[in-house]
Amino acid sequence: MIIAVAEGFDDVGLDIGKHMFVQAIDKSETAYKMAYLQFAFRGIPAHVIWGDTLSLETYEHAYTPDAYRFHMRHGRFGDDPEKSRGTTNTVRKRKLPQSLKTKPPIRKRNRPKSLGE
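All values derive from a computational prediction rather than experimental measurement. (Residues numbered from 1 in each chain as written. Predicted model: local features only at pLDDT ≥ 70, side-chain atom pairs only at ≥ 80, totals over all residues. Heavy atoms only, no water.)

Caption draft 1: Fine view of unusual backbone geometry. Phi at Leu56 is positive, roughly 60°, even though this residue is not glycine. Mapping Leu56 onto the fold places it in the loop between strand S2 (46-52) and strand S3 (57-63). (Helix = DSSP H or I, 4+ residues; strand = E, 2+ residues; numbered from the N terminus.)

Caption draft 2: Focus on helix H3 (residues 29-42). A rise of 1.5 Å per residue sets the reference length of H3, with its 14 residues, at 20 Å; its end C-alpha atoms lie 20 Å apart and thus fit the reference within 8%. Among all positions in H3, only Tyr32, Ala35 and Phe39 are buried. The buried residues of H3 all sit within an arc of 65° when viewed along its axis, so they share a single face. Looking at H3, the residues exposed on the side facing more than 90 degrees away from the buried face are Thr30 and Phe41. (Expected span 1.5 Å × (residues − 1). Buried < 20%, exposed > 50% of the residue type's maximum accessible area, 1.4 Å probe, protein only. Arc of directions from axis to C-beta.)

Caption draft 3: Geometry of the packing of aromatic side chains. The full count for this structure, using the stated rule, is four aromatic pairs. With centroids separated by 5.1 Å and ring planes inclined at 55°, the aromatic side chains of Trp50 and Tyr59 adopt a geometry described as tilted. (Phe/Tyr/Trp six-rings, centres within 6.5 Å; stacked < 30°, edge-to-face > 60°.)

Caption draft 4: Examining the pattern of salt bridges more closely. Throughout the structure, instances matching the rule amount to four salt bridges. With a closest N to O distance of 2.7 Å, Asp66 and Arg69 form a salt bridge. Of this pair, Asp66 and Arg69 both sit in helix H4 (residues 65-74), three residues apart, roughly one helical turn. Asp66 gets classed as buried once you look at its relative accessible area, which sits at 15%. Judged by its relative accessible area of 46%, Arg69 falls in the partly exposed class. (Salt bridge = Lys/Arg side-chain N within 4 Å of Asp/Glu carboxyl O.)

No statement about biological role is implied by the geometric values presented.
What follows is the structure in structure tokens.
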């Protein structure tokens with residue numbers, strides 16, 4: 001699937017090394033190595049992981065050579081750009097209006113009278 005997407009990028013004239021980053025995880029060691037070789041030969045920037053996605057265990061990982069070129073160009077691997085470049089998106093705290101700061105009065109509910117009263 002990933003190679004088909006890369007071919008689609010080529011078909012429309014997009015540079016794979018500039019516009020695509022892949023993170024692939026496989027449980028089989030053989031499939032992990034095959035994926036790495038295919039991505040590396042195809043020029044796809046990728047982080048290939050041998051691990052289990054359900055238990056979140058990782059045994060080994062590798063970046064393709066084009067992943068390092070992607071990192072040099074964008075300053076990040078496929079992560080959140082603001083997190084990788086050291087800039088933080090701070091949220092301004094707004095002051096609540098006074099009407100929301102005060103607690104509303106507690107209303108007593110009228111209890112229904114029991115049948116015996």
